[in-house]
Each structure stands twice: as C-alpha cells, then as structure tokens.
Amino acid sequence: MASRTWRSLKKDLVGYAFIAPAVLAFAVFLVYPSIEAIRISFYKITPTQVAFVGLQNYAGLLKDQVFGIALANTFKYVLFIVPITLAFSLFVSVLVSSKSERVTSFYRGVFYIPAVASVVSVSLVWSWIFNPVIGIANYLLSLFHLPPVNWLAMPGIAFYCVVLVIITWTVGRPIIVYTAALGGIPKYYYEAAEIDGASKVRQFFSITLPLLAPTTLYVIVITTINAFQTFAAINLLTSGGPSKTTTSVIYELYQQAFRYNNFSYASAMGVVLFLMVGIVAFFQFRYLARDVEY
Amino acid sequence: MQGRKTLSIKASKVWRMAGDVFLAVCAILWLFPFYWGLVGSFKTERAMFAIPPEFLPLNPTLVNYIELLRKTHVARWFFNSAVVSVATMVLVCAISSLAGYAFAKLRFRGRDLIFYLMISTMMLPRYVLLVPLFRLMLKLNWFDTYAGLIIPQIAAPFGVFMMRQFIKTIPSELIEAARIDGCSEAGVFVKIILPLAKPAVGALAIFEFVRSWDDYMWQLIIAGSEMMKTLPIGIAALKQENLVQYGQMMAGATLSALPMIIIFVAFQRYFTRGITLGAVKG
C-alpha cells in the first residue's frame with residue numbers, strides 16, 4: 001500500500017517536473033500580469049505614488065471623447081476586416097483548391113507572405129505607395145486624369161487605406177486553413193450532387209459551406225480577436241489621424257501608457273476592451289457553434 | 001438538351017477564366033509591395049521622384065544600403081533581431097515539447113485541469129498584459145535588455161497545445177517498450193519523443209522565429225536605446241524621425257522582410273502544417 005502511494009506520488013512528480021518550466025513561465029508572464037492589469041486599473045499610479053481610486057479610471061473613460069472615438073473605430077475595424085477577410089479567403093480557397101497541388105501551394109504562399117514579412121516592412125512600403133507626392137497610388141490616378149489624393153491624411157479615406165493594408169495580412173492564415181479543410185471533403189459528395197443535377201452554386205451552399213462550418217468559426221474568432229488589436233498599421237501609417245479617424249483602443253492605450261505614463265488609465269482601457277472582446281467571442285460561439293459538430 | 005449542356009459547359013469555362021483572372025490580379029496586388037520595396041531600395045533619390053515611376057531600376061545603386069549602414073546602427077539591429085528570435089524560438093520549443101509530452105503521455109494528478117487552464121490563456125489578449133508586463137520588466141531591471149525582449153515571450157500557449165496534439169499521435173506502445181527496456185522518462189523523451197516529434201518541433205520553431213522577428217509592439221516598448229533596437233523597430237523609427245529618404249527606408253524594409261520571406265519559401269510546408277495543426281480541434 002505504502003509502495004503504491006509512493007509510486008503514484010513519484011509518477012506525479014515526474015509529470016510536474018516536465019511541466020514545471022511551462023507552468024512557471026505561464027504564471028509569471030501571463031497569469032500574474034492579467035491579475036495585475038485588473039488591480040492597476042483601480043489605482044492611480046504616478047512615478048511618486050500609488051493610490052487606490054476605485055472606479056475613477058473607468059469613470060474617466062466614460063467621459064473621455066477620444067476613447068469613445070477609439071472604441072467606435074475599433075468596432076468599425078472589426079466590422080470591415082472580419083467579413084472581408086472571411087469572404088475573400090473563402091472565395092480564394094474555393095477557386096484555388098480545384099487547381100493542382102503546385103498551383104494551390106503557390107497561391108497559399110502568395111497570400112501568406114504579407115503575414116510573415118514583418119508588418120513594419122509592409123507598412124513602410126504602403127506608406128510610400130500612398131505618399132501624395134511620390135506615391136504610385138496617385139500616379140495610377142493620374143493615368144485616369146484624376147486629381148491626386150492625400151490618402152493617409154484625408155478623413156474618410158485614411159481609414160479604408162489602413163483596412164486595405166491590414167486585409168493583405170489577415171487573409172493568409174484563413175486561406176491555409178480553408179484549403180486544408182476543403183482538401184478533406186470527399187470528392188464523391190460532389191459527384192453525387194453532380195448526378196442529382198445540382199449546380200456548382202448549389203453544391204457550394206449545400207455541401208461545401210456546411211462542412212466548412214468548424215473552420216469558419218475558427219476563422220471568424222481569430223480574425224475578430226486580431227482585428228480588435230489593430231495597432232502596428234495605425235502606428236506606422238497614420239498615427240491615429242487624421243483627426244482620430246483611424247485610431248483604435250490599442251493605439252490610445254499605447255499612447256496613454258507609454259507616451260503619457262498613464263499606466264492605470266491604460267490598464268482600465270485594456271480591461272474594457274478585453275470585456276468587449278469576451279462578449280463578442282461569446283456570442284460568436286453561441287450562435288455560430290450551434291451547427292458545428294466537433 | 002444537348003444545347004443546354006454545351007451552353008453550361010461554355011458558361012463554366014467563362015467562370016473558370018474569370019476566377020483565374022481574379023486570382024492573378026490579387027496575386028499581383030499581394031506581391032507588388034514586396035517588388036516595389038525591393039526596387040525602391042535600389043533607386044537613387046532622383047529616380048524616386050521620376051514620373052512615370054521607374055518600374056524597373058534603370059540605374060540600380062547600392063547607395064541606400066551604404067547610407068543606411070553609415071548613418072544608423074542597422075547591422076546591430078539586425079544582430080539584435082537574430083539573437084531575440086533565435087533565443088525565443090529555442091526556449092519556446094524546449095518548454096513546449098517538455099510540457100506537451102507530459103500532457104499527452106504522462107499520468108499525473110491535475111494533468112487535464114492544468115492543461116486546459118494553460119490553453120485558456122490563449123484567450124488572454126496581449127494588450128491587457130502590456131502595462132503590467134512592462135512594470136514587471138522595470139522591477140526586474142530588464143527594460144532595454146535582451147532578457148526583457150526574450151523571456152516574457154516564452155509563455156506560448158499555442159506551442160504547448162501544438163506539441164501536445166502532435167505527441168498524442170505517437171503510439172504509446174513505443175514508449176512502453178522503451179520503459180520496459182529500462183529507459184527513464186527523460187530517456188524516453190530524448191530518444192523516442194523528440195526524434196518522432198521533429199516535424200512538429202520544426203513547424204513550431206519556424207513559427208516562433210517569424211513571430212518573434214515581427215513582434216513589433218513588445219519590442220517597441222522594451223527596446224529603449226539605439227543599441228537595443230531590433231531591426232523592425234529601428235527601421236520604423238527612421239520614418240517617424242523623418243531622418244532618411246524613402247530609398248533608405250525601403251532598403252531597411254527589404255533587410256527586415258527578406259530573411260522572413262526566404263525562410264517562408266524554404267519551409268512553406270512547415271508553416272502550413274503549423275497552422276493546420278493549431279486549427280484542428282483537439
């Protein structure tokens with residue numbers, strides 16, 4: 001009996017030894033900071049003092065016009081980026097998956113390259129493309145005798161430029177996942193539908209789309225989470241301007257924390273955004289996962 | 001009937017062609033920025049202003065690269081990026097495969113609970129952790145150091161998840177046989193698991209290398225001094241400081257993107273595997 005407990009204890013210890021480095025890293029760099037983030041958001045932290053202020057930071061957010069704009073923009077980013085990414089990557093994947101393996105892998109590569117190449121590089125090239133004086137975008141307009149546009153400095157246009165750049169790096173991963181999932185659908189489903197006289201469009205909606213449902217859920221959730229975190233493109237292309245039309249919650253959070261040293265206010269922003277993302281993800285799972293079988 | 005059939009074949013041919021054209025146009029749009037940045041990096045300042053733009057570098061020059069080397073610490077930034085990416089990659093792979101093995105094949109109390117808690121941290125967004133992590137770095141005196149750039153990155157839930165999923169597919173009989181032969185758990189891990197899990201480790205390694213090369217936000221916060229900047233941070237700062245011309249910025253952008261593109265083209269299979277391994281349900 002004693003030897004059996006000893007043996008099972010030893011088994012436990014071996015397991016714990018293997019996971020110890022991971023547990024330690026997770027505890028220190030993921031769990032502790034998330035608890036700390038919530039705690040800080042109830043304090044006022046300045047270089048000289050730390051004082052408990054209750055909900056004051058959150059009350060400040062309610063009155064903060066810039067935060068309101070940033071929050072609205074963030075949802076606008078999500079509403080543009082997620083559907084476009086989803087539709088585009090699904091469309092491309094269906095087109096590409098009927099090709100030979102070589103061609104499929106070529107296109108997969110092409111659409112994934114912006115996601116691997118550093119965001120900084122891609123953004124810098126785009127900022128040159130959009131440059132009002134020497135950018136190629138205005139040269140293209142001039143070919144059609146259109147007047148030049150100050151792409152990244154015009155309210156109403158800058159936002160869509162940023163979305164375009166972001167889309168180039170959000171579609172890569174969904175296309176890889178979709179082409180893999182499409183490859184897993186048995187051919188005879190389509191052959192049977194063909195015999196029954198179902199059109200290609202009908203086949204897409206009755207066979208392909210339902211069978212891709214788990215993949216689609218995955219794509220929607222990861223794209224939404226990423227779209228909520230839009231930062232690099234904004235920082236590198238527009239710095240949130242013109243007149244805050246391209247700013248996002250993360251961009252303002254970064255400004256508050258690392259430009260104005262307003263750590264506690266920034267933390268409150270982070271917590272609010274986290275709650276928003278949580279709520280959205282919850283509803284996505286709730287309503288989309290219903291027809292998904294695992 | 002016959003007519004309708006040929007008509008539908010014709011129509012499907014037209015659709016097929018339209019699809020091909022669409023794909024080709026998109027491919028060009030997606031690749032163009034890379035081509036344009038590369039071409040721009042070899043253009044003289046005067047050529048940058050040419051109208052119509054020079055789509056091929058008519059008088060290619062290395063002056064942008066030379067100026068970049070002379071005026072900035074670009075070589076040091078490149079080195080920093082390499083150090084940070086390699087170190088992050090090695091540490092994440094080591095930690096993840098150890099934990100992945102334990103979660104997949106060992107039995108111990110609380111195993112599944114701990115695993116699911118770990119995986120649930122995937123939902124924690126980085127931006128919430130930014131401020132507390134930054135303060136932690138200050139407390140540890142890791143601000144503006146390699147440790148600060150590397151160590152907080154090693155908690156990678158995706159890595160643990162991926163390794164566990166893969167190691168689960170390794171037959172337990174192999175492990176049992178090795179144990180009967182007197183192999184210790186550490187021996188099993190090194191001699192059986194690691195060799196068999198090579199494809200997954202490879203995929204994870206490449207993934208982490210690229211991710212950490214491109215970890216713009218964290219590096220932006222932690223790299224305070226010129227000498228600790230990574231390549232993307234250094235190059236991005238050139239734009240914000242308005243110190244250099246577009247040609248030099250394109251040279252920097254090329255230096256930063258090219259290694260990733262080469263790695264990607266060389267190891268595309270690993271990327272695909274990594275992404276699909278992460279996406280399938282467990």
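Residues numbered from 1 in each chain as written. Chains lettered and ligands numbered in written order. Predicted model: local features only at pLDDT ≥ 70, side-chain atom pairs only at ≥ 80, totals over all residues.

A word on the overall build of chain B
Part 1: The number of helices and strands found in chain B is 15 helices and zero strands.
Part 2: Relative to a compact globule of 282 residues, whose C-alpha radius of gyration would be 19 Å, chain B shows 25 Å and is clearly more extended.
Part 3: For chain B, the C-alpha atoms occupy an extent of roughly 80 × 75 × 35 Å along the three principal directions.
Part 4: Of all 282 residues assigned to chain B, the portion counted as buried reaches 43%. (Helix = DSSP H or I, 4+ residues; strand = E, 2+ residues; numbered from the N terminus. Rg over C-alpha atoms; globule rule 2.2 N^0.38 Å. Buried ≥ 20, exposed ≤ 12 C-beta atoms within 10 Å, placed from the backbone.)

Digging into the domain arrangement of chain B
All names here are of chain B.
Part 1: Once the domains are mapped, chain B shows domain 1 (2-61) and domain 2 (65-279).
Part 2: The partner domain 2 presents eight residues to the eight residues of domain 1 that form the contact.
Part 3: Taken together, the elements giving at least two residues each to the side of domain 1 that touches domain 2 come down to α1 (2-41) and α2 (45-48).
Part 4: The greatest single-element share of the side of domain 1 that touches domain 2, amounting to five residues, is contributed by α1.
Part 5: Each residue belonging to the side of domain 1 that touches domain 2 can be placed in one class, and the counts come to three nonpolar, three polar and two charged. (Domains from an automatic or database assignment. Contact = placed C-beta atoms within 7 Å. Nonpolar A, V, L, I, M, F, W, Y, C, P; charged D, E, K, R; others polar.)

Considerations on the interface of chain A and chain B
Part 1: Facing 71 residues of chain A, the contacting portion of chain B comprises 72 residues.
Part 2: Sort the elements by how many residues they give to the side of chain A that touches chain B and helix α1 (residues 2-40) of chain A lands first, with 18 residues.
Part 3: When its residues are assigned to classes, the side of chain A that touches chain B shows 55 nonpolar, 11 polar and five charged.

A short note on the packing of helix α2 (residues 56-63) of chain A against helix α14 (residues 263-288) of chain A
All names here are of chain A.
Part 1: Contact geometry for α2 and α14: axes closest at 9 Å, N-to-C directions at 75°. The angle between α2 and α14 places the two elements in the roughly perpendicular class. Contacts between α2 and α14 pair Asn57, Tyr58, Gly60 and Leu61 from the former with Ser264, Tyr265, Ala268, Met269 and Val272 from the latter.
Part 2: Among the residues making up the contact of α2 with α14, the classes are represented as six nonpolar, three polar and no charged. (Axes fitted to C-alpha atoms, helices over the stretch in contact; angles between N-to-C directions. Parallel < 35°, antiparallel > 145°, perpendicular 65-115°, else oblique.)

Focus on the packing of helix α13 (residues 249-259) of chain A against α14(A)
Residues and elements named next belong to chain A.
Part 1: Running from amino to carboxyl end, α13 crosses α14 at an angle of 160°, the nearest separation of the two axes being 8 Å. Here α13 is positioned roughly antiparallel relative to α14, judged by the angle of their axes. Crossing handedness for the pair α13 and α14: left-handed. For the pair formed by α13 and α14, the contact residues are Val249, Glu252, Leu253, Gln256 and Ala257 on the first element and Phe263, Tyr265, Ala266, Met269, Gly270 and Leu273 on the second.
Part 2: Within the contact of α13 with α14, the residues separate by chemical class into eight nonpolar, two polar and one charged. (Left-handed = near helix turned anticlockwise from the far one by under 90°.)

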